[in-house]
Amino acid sequence: MTVIRRPRPGPVRHRHWPLCRRCSGIALDLGSARTRAWIAGRGMVLDVPTVTFPGSGAVHPIQRGTIVDVPGTARMLDRLLGHRMPRIGRPLVVVTAPVLDGLAFRAAARTAVEALRPRAVLTVPGARAVALAASADHIRPLLVVDIGAHLTEVVLLTDGAVTDARRTALGTADLGDGTPPELVTEAVIGMVTAMLRQDRTSLTRTALNRGVLLAGGGALRPEITGGLPGGLGCAVQPVPSPHTAAVRGAAGLLAAAHHHPSAGGTR
């Protein structure tokens, strides 16, 4: 099991989004196992396996939080969403991204999403999207645990920005290969414990005191989550519909962009 840690970054400055009340919009969650899409005004329109069919067999273009086949991902998006695009105008697209290795993922995602002829492509850390879907208080430190099919992330958010993050290439899909559920549980506990030990501030402890926010398909697996409260020594709260939380949070950002006071037209 490989655990990757992200150094604590400085303050993150966000550029203004290109906003337009009249523009169409799509929220995308490109997972290793499932691709989910939300279209403004229509709600969730896709929740399907992340797979392409370039020849005689199925190919998975996204693996363990990495887009390994950008052209294949583009073809998949065009096949699934191309016919749903508006005939007039170009959509604003919001894509969730893993926190770690996010730069590479965001670059690959932007290239793949060009198949949808977007007006602009914006990215949001998956953990922040989860917090938005849960309507969590962003002012106080918040610990988000996202247990996906092939990737598990533990992310500390402060004022909505990523303060620290860990991940392991392990998830619910691995359980069918003889991996016991306890291994995922222990991985989460180990990442949080390491985060606590290396935190020179009180942010991680403060976040634990308010409880952990749990998302991803793993949040629906009691054999994984049952041992987390005791192992972490705090409350563990799954978000509503945890497997779709990331795309719903991205959809919330999309709605906010379309209703922003400065959204007077295309810029």
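Going along each chain's sequence as written, the residues are numbered from 1 onward. In view of the model being predicted, local features appear only for residues whose pLDDT reaches at least 70, and side-chain atom pairs are presented and counted only at 80 or more, with totals across whole chains, interfaces and linings using the full set of residues. Side-chain metrics in this entry use all non-hydrogen atoms of the structure; hydrogen atoms and water are not considered.

Draft legend 1. A look at the overall build of the protein chain. Helix and strand definitions here come from DSSP, where helices need a minimum of 4 consecutive H or I residues and strands a minimum of 2 consecutive E residues; each element is numbered from the N-terminal end. Helix and strand counts for the protein chain come out as 8 helices and 13 strands. Only protein chains enter the area calculation, which uses a 1.4 Å probe; residues under 20% of their type maximum are buried, those over 50% are exposed, and those in between are partly exposed. Evaluated residue by residue, the protein chain yields a buried proportion of 50% over its 267 residues. Residue contacts are defined here by distance: any two heavy atoms, one from each residue, within 4.5 Å place the two residues in contact. Once local pairs closer than 6 in sequence are excluded, the contacts in the protein chain between residues at least 24 apart make up 67%. Per-residue accessibility takes into account occlusion by the displayed protein chains alone, with areas from the Shrake-Rupley method and a 1.4 Å probe. Of the roughly 12300 Å² of accessible surface on the protein chain, a fraction of 54% belongs to carbon and sulfur atoms.

Draft legend 2. Looking closely at helix α3 (residues 126-133). Residues of α3 that are buried include every one of G126, A127, A129, V130 and A131, and no others. After α3 finishes, the residue S135 shows a positive phi value of roughly 55°.

Draft legend 3. Region of interest: the layout of surface pockets. Grid spacing is 1 Å over the protein atoms alone, the probe is 1.4 Å, and a cavity is where that probe fits but cannot get out, while a pocket is an open set with protein on both sides within 12 Å along at least five of seven lines and lining residues have an atom within 4 Å of a point. Grid points are joined across faces, edges and corners, and a volume is the space filled by probe spheres set on the points. Of the voids in this model, the second largest pocket is the one considered here, and its volume is about 570 Å³. For the second largest pocket, the lining is made up of 30 residues, of which D29, G31, D146, G148 and A149 are closest to its centre. For the lining of the second largest pocket, the elements supplying multiple residues, two or more each, are β2 (25-30), β3 (34-39), β7 (92-97), α3 and α8 (245-258). Under the convention adopted here, Pro, Cys and the residues Ala, Val, Leu, Ile, Met, Phe, Trp and Tyr are nonpolar, Asp, Glu, Lys and Arg are charged, and Gly plus all remaining residues are polar. By residue class, the composition of the lining of the second largest pocket is 13 nonpolar, 11 polar and 6 charged.

Draft legend 4. Structural detail: helix α5 (residues 203-210). Those residues of α5 lying buried are T204, A207 and L208. For α5, the arc enclosing every buried residue in end-on projection is 100°, short of the 170-degree limit, so these residues lie on one face. Elements in contact with the buried residues of α5: β9 (142-147), β10 (152-158), α4 (181-198) and β12 (212-215). In the segment just after α5, G211 is the residue with positive phi, at about 100°. Our arc is simply the arc of the directions from the helix axis toward the C-beta atoms.

Draft legend 5. Summary view of the pairing of strand β4 (residues 43-49). Relative to β4, β3 runs antiparallel, the two sharing 6 bridges. Bridging from a neighbouring strand, R36 pairs with D47 of β4. Two strands make a pair as long as DSSP finds a minimum of two bridges between them. Linking β3 back to β4 in an antiparallel pair, the connection comprises 3 residues, with G41 at a positive phi of about 85°.

Draft legend 6. Representation of unusual backbone geometry within the structure. Even without being glycine, R117 reaches a positive phi, approximately 50°. Tracing the backbone shows R117 in the loop between α2 (102-113) and β8 (120-125).

Draft legend 7. Representation of the nonpolar core. To form a nonpolar core, buried Ala, Val, Leu, Ile, Met, Phe, Trp, Tyr and Cys residues must be joined to one another through side-chain atoms within 4.5 Å. Counting residues in hydrophobic clusters, the biggest one holds 25 residues, and the most contacted among them are I26, L28, L77, L81, V95, V113 and L116. Elements that contribute at least two residues to this core include exactly β2, β3, β4, α1 (70-81), β7 and α2. In this structure V113 touches L28, L77, V93, V95, P118 and V121, once residues within four positions along its chain are discounted. Among the nonpolar cores identified, the runner-up in size contains 24 residues, and V145, V154, A187 and M195 belong to it.

Draft legend 8. The environment of A161, seen in detail. Within the secondary structure, A161 sits in strand β11 (residues 161-168). Overall, the relative accessible area of 24% leaves A161 in the partly exposed class. When the C-alpha positions of A161 and R128 are compared, they lie 7.5 Å apart, and in sequence the two are 33 residues distant.

Draft legend 9. View of the sheet that holds β2. Overall, mixed pairing links the 5 strands, which are arranged β4-β3-β2-β7-β8 in an open sheet. In this open sheet, the two strands that pair with only one neighbour each are β4 and β8. Strand-to-strand twist in this sheet, taken as the mean axis angle between neighbours without regard to direction, amounts to 20°. Here an axis means a line fitted to C-alpha atoms, over the contact stretch when the element is a helix, while the angle between two N-to-C directions is reported on a 0 to 180 degree scale. Packed on one face of the sheet, α2 meets β2, β7 and β8 and runs near 145° to β7.

Draft legend 10. The packing of α1 against α2, seen in detail. Here α1 crosses α2 at 45°, and the two axes come no closer than 8 Å. Here α1 is positioned oblique relative to α2, judged by the angle of their axes. In the packing of α1 onto α2, the handedness of the crossing is right-handed. In this structure, α1 contributes V70, T73, A74 and L77 to the contact, and α2 contributes A108, T111, A112 and V113. An angle below 35 degrees is read as roughly parallel, one above 145 as roughly antiparallel, one from 65 to 115 as roughly perpendicular, and any other as oblique. Crossings are sorted by hand: turned counterclockwise from the far helix by less than a right angle, the near helix makes the crossing left-handed, and turned clockwise it makes it right-handed.

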